[in-house]
Amino acid sequence: MAPVSLSKLIKKRALMPMLCRLVSDLETSIIIEDVEGQLLMATDGAERLTQYSVTVAGEAIGRVYGSEKVAVIATLLSGMAESEVEKRALVSETLNKYKEITLLYEMVEKVSSCLDTKEVARLVIEEAERVIRLTSVSVFLLNKDTDVLELIAGCGQGQEVATTVERGVGIAGSVWASGRAEIVNDVENDPRFVSGEVKISSMMCAPLKAKDAVVGIIKIGSEQSVVYTAEDLKLFTTLASLAAVSIENASLYEQLKDAFYTTVYTLAETIEKRDPYTGNHTKRVMEYSLAIGRTLGLPEEEMTRLQLGAVLHDIGKIGVRDNVLLKQSALTDEEFEQIKMHAVYGEEIISGIAQLKSAVPGVKQHHEKHNGRGYPLGLKGDEIDITARIIAVADSFDAMTSNRPYRNGLSLDDAFEELRKFSGSQFDPEIVDAFFASDVMDAFFTANSRQKILL
Ligand SMILES: [Fe+2]
């Protein structure tokens, strides 16, 4: 098909009056036809003496007949057609650029605040579905330990069957190895196609590059035969570059978070090491606390605060002397006062660390009691931070059921009884109920006996 129609060009640019005047000025006659021979213009006395082609990009779009004088009109029409084609290309390029910029802007808006790799992948998939014709999208990330790409998110019809990609194997593996984005419009006939790869007609695959290293790939496919163009690939690669930066950021953040939690656990473990009889107390308090938090439906931010508080609840014991902390017989009043100070020491230790500040209430108040008779401040009811109220139940339950050198731990039934007995005085009753309704119970009892407990 001709890139532009001569008939439409004449109409669109309202050329007829100008052509008539030109023919009259040249004192000649003219016949203009389109490429199919349809008559577009003919003046009085015109004859088909000589034929001049109207061309655009080397292709004829019409003919002009008349004397030699009309050659100039054929050239003029060819020039106008060329400029029309250029204008269209420019409009199309501008539109594509606009699409690309809008995509970039929207993506940046969405993913820049996202620090979870899977969530970033999900947002990228959502965006790809919006701007590119596709029936499936998959995002693979490099597992540096195994050196294979692992599927972390995907969606759509004909979605990925294989959950891993090896370097150089299949089309995706080849894109990983080359580091270059590709269009494959006839997947099954591609020599690199491997049977493990999902059957799609057309696909585009782009590497996710961070600092020149491939950290993953993104792959889109269409079950129907689609001819992906260079323009599609450009848009797709833009999306992939942006996704790579965001995924890398999120991944770095996750690594940092892991390192942070490891440091916090190590800190808490140093306390446990001083008192070997408390083995794994911190871990269990954290697990019970999180189970209660989940049952109460605490938001993510509160859960993080709760986790940190639970892990660090007894960190202040580092400030209590061994002869008091490890004493195996009953404590004197003065010694007990020293033990009580661990809640305050805990606050002093962690309040100076910005990332741990949110855990201060949980650490400082975990020995406060619902009735106001706890320490160090004598807070009561809702005055006590929610994380501290939860940690109090988890901590007491674990202390009751653990063996100590000077006494055996209570049986589970007796410990449950104690929690019920002190619910409303020592413990917040809502938290005690949440403990009994939590999945911690699953670890202790079968479904039947759990019913018994709840009754
Ligand atoms: Fe404590």
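Rules of the game
- Residues numbered from 1 in each chain as written.
- Predicted model: local features only at pLDDT ≥ 70, side-chain atom pairs only at ≥ 80, totals over all residues.
- Heavy atoms only, no water.
- Salt bridge = Lys/Arg side-chain N within 4 Å of Asp/Glu carboxyl O.
- Helix = DSSP H or I, 4+ residues; strand = E, 2+ residues; numbered from the N terminus.
- Buried < 20%, exposed > 50% of the residue type's maximum accessible area, 1.4 Å probe, protein only.
- Pairing = 2+ DSSP bridges.
- Axes fitted to C-alpha atoms, helices over the stretch in contact; angles between N-to-C directions.
- Donors = N, O, S within 2.8 Å, 3.2 Å for Na, K, Ca; no water.
- Tetrahedral: all angles 85-135°; square planar, octahedral: opposite > 155°, others 65-115°.
- 1 Å grid on protein atoms, 1.4 Å probe; cavity = no way out; pocket = protein on both sides within 12 Å on 5 of 7 lines; lining within 4 Å.
- Points joined across faces, edges and corners; volume = space filled by probe spheres on them.
- Nonpolar A, V, L, I, M, F, W, Y, C, P; charged D, E, K, R; others polar.
- Contact = heavy atoms within 4.5 Å.
- Phe/Tyr/Trp six-rings, centres within 6.5 Å; stacked < 30°, edge-to-face > 60°.
- Lys NZ or Arg CZ within 6 Å of the ring centre and 35° of its normal.
- Domains from an automatic or database assignment.

Visitor: Hey, could you run me through the pattern of salt bridges in this one?
Guide: Within the structure shown, the criterion is met by 24 salt bridges. For Arg-13, the salt bridge is made with Glu-84, and the minimal N-O distance between the two is 3.2 Å. Highlighted residues: Arg-13 in the loop between α1 (6-12) and α2 (16-25) and Glu-84 in helix α3 (residues 71-111), separated in sequence by 71 residues. Glu-84 sits in the buried class, given a relative accessible area of 1%. Through salt bridges with shared partners, a single ionic network connects Lys-12, Arg-13, Glu-84 and Arg-88.

Visitor: Which parts of the structure should I look at to understand the sheet that holds strand β3 (residues 50-56)?
Guide: Spatially, β2-β1-β4-β3 is the arrangement adopted by the four strands of the open sheet, whose pairing is antiparallel. The sheet is open, and its two edges are formed by β2 (39-42) and β3, each paired on a single side. The mean angle between the axes of side-by-side strands here comes to 20°, regardless of whether they run parallel or antiparallel. Where strand β1 (residues 30-34) lies against strand β4 (residues 59-66), five bridges are found, and the strand directions are antiparallel.

Visitor: Sorry if this is basic, but what is going on with the coordination of the iron ion here?
Guide: At this site the iron ion is bound by Asp-314 (OD), His-342 (NE2), His-366 (NE2) and His-367 (NE2), with donor distances of 2.1 to 2.3 Å. Classification of the site at the iron ion as irregular follows from its four donor atoms and the range of 83 to 170° in their angles at the metal. Positions of the donor residues of the iron ion along the chain correspond to the pattern D-x27-H-x23-H-H. Linking Asp-314 in the loop between α8 (300-312) and α9 (322-325) with His-342 in helix α11 (residues 342-350), this pair joins segments that are 28 residues apart in sequence. The class for Asp-314 is buried, based on a relative accessible area of 11%.

Visitor: Just checking my understanding: could you explain empty space enclosed by the protein for this structure?
Guide: Where empty space is left in the structure can be found by rolling a water-sized probe over the atoms. As enumerated under the stated definition, the model contains two cavities of 30 Å³ or more in all. Space inside the largest cavity adds up to approximately 50 Å³. What lines the largest cavity is Glu-368, His-370, Ile-384, Arg-389, Ala-392, Val-393, Gln-426, Phe-427 and Asp-428. Of the residues assigned to the lining of the largest cavity, the class counts are four nonpolar, two polar and three charged.

Visitor: Please clarify how the sheet that holds strand β7 (residues 164-165) should be interpreted in this entry.
Guide: To summarise the sheet geometry, strands pair through backbone hydrogen bonds and adopt either a parallel or an antiparallel arrangement. Strand order in the open sheet formed by six strands is β7-β6-β5-β10-β9-β8, and the pairing between neighbours is antiparallel. Where the open sheet ends on each side, the last strands, each with one partner, are β7 and β8 (182-184). In the sheet, strand β9 (residues 202-210) pairs with strand β10 (residues 213-222) via nine bridges, with the strands oriented antiparallel. Within β10, the residue paired with Leu-208 across the bridge is Gly-216. The sheet strands contacting helix α6 (residues 230-274) are β5 (136-143), β8, β9 and β10, and the helix crosses β9 at an angle near 35°.

Visitor: Looking at this model, I keep getting lost on the pairing of β3. Mind explaining?
Guide: It is a general feature of regular strands that their side chains alternate between the two faces of the sheet. As paired elements, β3 and β4 share seven bridges and run antiparallel to each other. Each residue of the ladder has a partner; that of Tyr-52, found in β4, is Val-64. Where β3 hands over to β4, the hairpin turn is made up of two residues, of which Ala-57 adopts a positive phi near 50°.

Visitor: What exactly am I supposed to notice about the environment of Val-72 here?
Guide: Along the chain, Val-72 falls in helix α3. Here the alpha-carbon distance between Val-72 and Asp-413, two residues 341 residues apart in the chain, equals 105 Å.

Visitor: How do you make sense of the packing of aromatic side chains when you look at a structure like this?
Guide: For any two aromatic rings, the description comes down to two numbers: the centre-to-centre distance and the angle of the planes. If you walk through the whole model with that rule in mind, you get nine aromatic pairs. Ring geometry for Phe-416 versus Phe-436: centroids 5.5 Å apart, planes at 70°, classification edge-to-face. One end of the pair, Phe-416, is in helix α14 (residues 412-421); the other, Phe-436, is in helix α15 (residues 429-437), and 20 residues separate them in sequence. Residue Phe-416 shares its accessibility class with Phe-436, and that shared class is buried. With a centroid separation of 5.8 Å and an interplanar angle of 70°, the aromatic rings of Phe-435 and Phe-436 are classed as edge-to-face. Accessibility classification places Phe-435 together with Phe-436 in one group, the buried group. Grouping aromatic residues by their ring pairs yields a cluster made of Tyr-288, Phe-397, Phe-416, Phe-435 and Phe-436. Lying across the ring of Phe-436, Arg-420 places its NZ or CZ 4.7 Å from the centre.

Visitor: How should the domain arrangement of the protein chain be read in this particular structure?
Guide: The figure often quoted for interface size is the accessible area lost as the parts come together. Domain parsing of the protein chain yields domain 1 (6-83), domain 2 (112-249) and domain 3 (275-454). With centres defined by C-alpha atoms, the gap from domain 1 to domain 2 works out at 51 Å.

Visitor: Is there a simple way to think about helix α5 (residues 170-178) in this case?
Guide: One full turn of an α-helix is made of 3.6 residues, so residues set three or four places apart face in the same direction. For α5, the buried fraction is high: seven of the nine residues fall into the buried class. All buried positions along α5 are accounted for by Gly-170, Ile-171, Ala-172, Gly-173, Ser-174, Val-175 and Trp-176. Its buried side turned inward, α5 meets β5, β6 (148-156), β7, β8, β9 and β10. Phi turns positive, to about 75°, at Gly-179, one or two residues after α5.

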